[in-house]
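Chain residues, written in single-letter form:
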Amino acid sequence: MTDTDKTKAASAMWGGRFAGGPAAIMQRINASIDFDKRLYAQDIRGSKAHCRMLVKQSILTAADGALIQEGLDKVLAEIEAGDFPFSQALEDIHMNVESRLGELIGEAAGRLHTARSRNDQVATDFRLWVRDALDGMDGALRDLLAALLDRAEEHAATVMPGFTHLQTAQPVTFGHHMMAYVEMISRDRSRLADARNRLNECPLGSAALAGTSFPIDREATAAELGFAGPMRNSLDGVSDRDFALEFMSASAICAVHLSRLAEELVIWTSAQFRFVTLSDAFTTGSSIMPQKRNPDAAELVRAKTGRVIGDLNALLIVMKGLPLAYSKDMQDDKEPVFEVADTMELAIAAMAGMVRDMTVNVGTLRAAAGAGFTTATDIADWCVRALKMPFRRAHHVAGSLVKLAEGRNCGLEDLTLAEMQAIEPGITEEARAVLSVESSVNSRTSLGGTAPSRVRQAVAAARRRLAEDAP
Ligand code: ARG
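Residues numbered from 1 in each chain as written. Predicted model: local features only at pLDDT ≥ 70, side-chain atom pairs only at ≥ 80, totals over all residues. Heavy atoms only, no water.

### Here we look at empty space enclosed by the protein
If you roll a probe as big as a water molecule over the atoms, it shows you where there is empty space left.
Here is step 1 of the chain: The full count for this structure, using the stated rule, is 2 cavities of 30 Å³ or more.
Here is step 2 of the chain: The calculated volume of the second largest cavity comes to roughly 40 Å³.
Here is step 3 of the chain: Of all the elements, helix H6 (residues 93-105) adds the most residues to the lining of the second largest cavity, at 4 residues.
Here is step 4 of the chain: Counted by class, the lining of the second largest cavity contains 4 nonpolar, 2 polar and 3 charged residues. (1 Å grid on protein atoms, 1.4 Å probe; cavity = no way out; pocket = protein on both sides within 12 Å on 5 of 7 lines; lining within 4 Å. Points joined across faces, edges and corners; volume = space filled by probe spheres on them. Helix = DSSP H or I, 4+ residues; strand = E, 2+ residues; numbered from the N terminus. Nonpolar A, V, L, I, M, F, W, Y, C, P; charged D, E, K, R; others polar.)

### A look at the pairing of strand S1 (residues 159-164)
Here is step 1 of the chain: By the bridge criterion, 5 bridges tie S1 to strand S2 (residues 167-173) in an arrangement that is antiparallel. Residue pairing across strands places Met-160 opposite Val-172, the latter belonging to S2.
Here is step 2 of the chain: Following S1, the chain reverses through 2 residues before pairing antiparallel with S2; His-165 in that reversal takes a positive phi of roughly 55°. (Pairing = 2+ DSSP bridges.)

### What to know about helix H12 (residues 296-320)
Here is step 1 of the chain: The end-to-end C-alpha distance of H12 is 36 Å, a good match for the 36 Å that 25 residues give at a rise of 1.5 Å each.
Here is step 2 of the chain: Buried within H12 we find Ala-297, Ala-298, Val-301, Thr-305, Val-308, Asp-311, Leu-312, Leu-315 and Met-319.
Here is step 3 of the chain: Residues of H12 that are buried sit in contact with helix H10 (234-239), helix H11 (242-268) and helix H13 (334-357). (Expected span 1.5 Å × (residues − 1). Buried < 20%, exposed > 50% of the residue type's maximum accessible area, 1.4 Å probe, protein only. Contact = heavy atoms within 4.5 Å.)

### Notes on the site of the ligand
Here is step 1 of the chain: Close to the ligand lie Ser-32, Asp-36, Asp-92, His-94, Arg-118, Asn-119, Val-122, Tyr-326, Lys-328, Gln-331 and Lys-334, which account for all nearby residues.
Here is step 2 of the chain: In the model, an oxygen atom of the ligand is placed 2.3 Å from a nitrogen or oxygen of the Tyr-326 side chain.
Here is step 3 of the chain: Between a nitrogen atom of the ligand and a side-chain N or O atom of Gln-331, the distance comes to 2.8 Å.
Here is step 4 of the chain: Element by element, the count of residues in the shell around the ligand is highest for helix H7 (residues 118-154), at 3 residues.
Here is step 5 of the chain: Taken together, the residues that form the shell around the ligand break down as 2 nonpolar, 4 polar and 5 charged. (Near = heavy atom within 4 Å. Polar contact = N/O pair within 3.5 Å; in protein donor to acceptor, adjacent residues only side chain to side chain.)

### Remarks on the layout of surface pockets
Here is step 1 of the chain: By volume, the largest pocket is sized at about 330 Å³.
Here is step 2 of the chain: The wall of the largest pocket is formed by 17 residues, among which Gly-162, Phe-163, Val-172, His-177 and Glu-264 lie closest to the centre.
Here is step 3 of the chain: Elements supplying a minimum of two residues to the lining of the largest pocket: S1, S2, helix H8 (174-199) and H11.
Here is step 4 of the chain: Taken together, the residues of the lining of the largest pocket sort by class into 7 nonpolar, 7 polar and 3 charged.

### Side note on the nonpolar core
Here is step 1 of the chain: Within the largest apolar cluster, 95 residues are counted, with the highest numbers of intra-cluster contacts made by Leu-144, Phe-247, Leu-258 and Met-351.
Here is step 2 of the chain: When neighbours within four sequence positions are excluded, Met-351 is seen to be in contact with Leu-144, Leu-258, Leu-261, Ala-262, Leu-265 and Val-301.
Here is step 3 of the chain: Core analysis: the next-biggest nonpolar cluster, separate from the first, contains 19 residues, Ala-376, Leu-412, Met-420 and Leu-435 among them. (Core = buried A, V, L, I, M, F, W, Y, C linked by side-chain atoms within 4.5 Å.)

### Details of H6
Here is step 1 of the chain: For H6, built from 13 residues, the straight-helix expectation of 18 Å at 1.5 Å per residue is met to within 8% by its first-to-last C-alpha distance of 18 Å.
Here is step 2 of the chain: Within H6, 10 of the 13 residues are buried, leaving the element largely enclosed by the surrounding structure.
Here is step 3 of the chain: Listed in full, the buried residues belonging to H6 are Ile-93, His-94, Met-95, Asn-96, Val-97, Glu-98, Ser-99, Arg-100, Leu-101 and Ile-105.
Here is step 4 of the chain: In the segment just after H6, Gly-106 is the residue with positive phi, at about 80°.

### Section: a nonpolar patch on the surface
Here is step 1 of the chain: Residues Ile-25, Met-26 and Ile-29 make up a contiguous nonpolar surface patch of roughly 340 Å² in combined accessible area.
Here is step 2 of the chain: Under the relative-accessibility criterion, Met-26 is labelled partly exposed at 40%. (Patch = residues over 30% accessible without salt bridge, like charges linked within 9 Å, V, L, I, M, F, W, Y side chains within 5 Å. Areas by Shrake-Rupley, 256 points an atom, 1.4 Å probe, with all protein chains shown as cover. Salt bridge = Lys/Arg side-chain N within 4 Å of Asp/Glu carboxyl O.)

### Topic: the packing of aromatic side chains
Here is step 1 of the chain: Applying the stated rule across the entire model yields 9 aromatic pairs.
Here is step 2 of the chain: On the basis of an interplanar angle of 50° and a centroid distance of 5.7 Å, the ring pair of Phe-174 and Trp-268 is categorised as tilted. Within this pair, whereas Phe-174 is found in helix H8, its partner Trp-268 is found in helix H11, the two being separated by 94 residues in sequence.
Here is step 3 of the chain: Within the aromatic cluster, the residues linked to one another by ring pairs are Phe-163, Phe-174, Trp-268, Phe-273 and Phe-275.
Here is step 4 of the chain: The positively charged end of Arg-38 is found above the aromatic ring belonging to Phe-338, 4.7 Å away from the centroid. (Phe/Tyr/Trp six-rings, centres within 6.5 Å; stacked < 30°, edge-to-face > 60°. Lys NZ or Arg CZ within 6 Å of the ring centre and 35° of its normal.)

### Looking at the UniProt feature "domain: Fumarate lyase N-terminal" (unreviewed entry) in the chain
Here is step 1 of the chain: UniProt marks residues 16-310 with the feature "domain: Fumarate lyase N-terminal" (unreviewed entry), using the numbering shown here.
Here is step 2 of the chain: Taken end to end, residues 16-310 is 61% helix and 6% strand, and its first and last C-alpha atoms sit 40 Å apart. (UniProt positions renumbered as here; feature names shortened; annotations may be inferred.)

### Quick look at the packing of H7 against H11
Each packed pair of helices is defined by two parameters, the angle between the axes and the distance between the axes.
Here is step 1 of the chain: It is at 10 Å that the axes of H7 and H11 come closest, and there the two elements cross at 20°. Relative to H11, the element H7 lies roughly parallel. Considering only the axes of H7 and H11, their crossing is left-handed. Taking contact as the criterion, the partners of Ala-123, Phe-126, Arg-127, Val-130, Ala-133, Leu-134, Met-137, Leu-141, Leu-144 and Leu-148 in H7 are, on H11, Phe-243, Ala-244, Phe-247, Ser-251, Cys-254, Leu-258 and Leu-261. (Axes fitted to C-alpha atoms, helices over the stretch in contact; angles between N-to-C directions. Parallel < 35°, antiparallel > 145°, perpendicular 65-115°, else oblique. Left-handed = near helix turned anticlockwise from the far one by under 90°.)

### Structural notes on the pattern of salt bridges
Here is step 1 of the chain: What the rule picks out here adds up to 33 salt bridges.
Here is step 2 of the chain: Between Arg-111 and Asp-64 there is a salt bridge; the shortest N-O distance is 3.0 Å. Pair noted here: Arg-111 is in the loop between H6 and H7 and Asp-64 is in helix H5 (residues 62-81), with a separation of 47 residues, a long-range link.
Here is step 3 of the chain: Taking relative accessible area as the criterion, Arg-111 reaches 42% and is therefore assigned partly exposed.
Here is step 4 of the chain: A salt bridge links Asp-378 to Arg-444; the shortest N-O distance between them is 3.0 Å. Taken as a pair, Asp-378 in helix H15 (residues 376-387) and Arg-444 in the loop between helix H19 (437-443) and helix H20 (452-467) lie far apart in primary sequence, 66 residues in all.
Here is step 5 of the chain: According to the relative accessible area criterion, Arg-444 is buried, its value standing at 17%.

### Some words on a negative patch on the surface
Here is step 1 of the chain: Among the surface-exposed residues, Asp-34, Asp-329, Asp-332 and Glu-335 lie close enough to one another that they form a single negatively charged patch.
Here is step 2 of the chain: Secondary-structure assignment places Glu-335 in helix H13.
Here is step 3 of the chain: On the accessibility criterion, Glu-335 (40% relative accessible area) is partly exposed. (Lys, Arg positive; Asp, Glu negative; His and termini not counted. Charge placed at Lys NZ, Arg CZ, Asp CG, Glu CD.)

### Observations concerning the packing of H8 against H20
Here is step 1 of the chain: Contact geometry of H8 with H20 gives a least axis separation of 10 Å together with a crossing angle of 25°. Between H8 and H20, the interaxial angle falls into the category roughly parallel. Here H8 and H20 pass one another in a crossing that is left-handed. Taken together, the residues of H20 that come into contact with H8 (itself represented by Gly-175, His-176, Met-179, Val-182, Glu-183 and Arg-189) are Val-455, Ala-458, Val-459, Ala-462, Arg-465 and Leu-466.
Here is step 2 of the chain: Considered class by class, the residues forming the contact of H8 with H20 number 7 nonpolar, 2 polar and 3 charged.

Written out as structure tokens, the structure is:
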């Protein structure tokens, strides 16, 4: 077919009342085929289910049904082989498939659209696509979790400084820090699973907006397509895009988590920190500065989070002004969703790679863990425990010790017992033992705390949940 023929074929589908064809610019603004061709597999799957149901309900003859099924298989094979003639003149994936079906099987192709509209068709296709994307993303997140858990277990007792305000606060373990991300990513999985549950209702059979006069069986098509059941309201069926918004909002929150970890990697790999070293596989050099090893992948994960948030915003803004039911604005739902899916796939895989490959610089972390009087809270806690001092007074004692050490340019552990007793006479040799970073982290055994024993328990519990596939 030439392009003019295709324009004719397109308007044959809806152009009964039209005298002229669309302007070239109309065709360009209207056509979605360049991006919605990604729905081809879902579109054909949906059409096959619809066709089977039409035959079962005696709306189509078995002979027409068989022709259509065979034809759709051929169309699928052509697309998968890469020799399908996608055409802008045919607007979208639905009309491209139907028009080619007509070329292959003739008139019977025109019966496939009985009791259906592109409105419920696209809503069904897109739900199927997003459902696959959710499943793919869950698999990728499981892989990232596995990487985080391995590193957490390996470094359950590796001490590092914990920060608040990016100021050294108290010593924590590297494993504990990794496990914080395990919690975030697990919540992301739970949000995706939740979104998938709500997504999994079938709009097919809503037709254009009002349902149909044909005796269709919506339960049958819903079941065949793996949905839990049909959507209850046809107007909602064709105009709801919550599933796309939920996919993108769960993705955006997940991307924020990835971005925070990416930001930490950027900070940790800097010459001033050197907490971790990223592998050659996930860094680049500079064309002018030979000493450089740049954390590009981490920086890009951080950057791409902006796109994901932007895509969510874009569709929220498209939807906010739309009256019921379908409006063409909704065709603009696809590019943001596709971009989010592609971006998340890249970002999650890059993060898993970085986490798996990174070298954790245990010596540097240990030195940093002790710098900045990070065990000051421990000496205050000791005063509370051993001397029954009110915490506020103990805080003051520890503060005076810090001031003294700071003036001497030494660590708390370098103060002599006599010096310490000059500030608080109750302090004993035993108190000095709590000043080591190891003793500090070992003591933090409260539930959810940073003690290596707690971290190992948390790792084991998270591994169990992952094996049971409970986010
Ligand atoms: N390509 C369209 C979309 O993605 C399909 C639905 C078109 N429906 C219509 N009535 N024009 O939204």
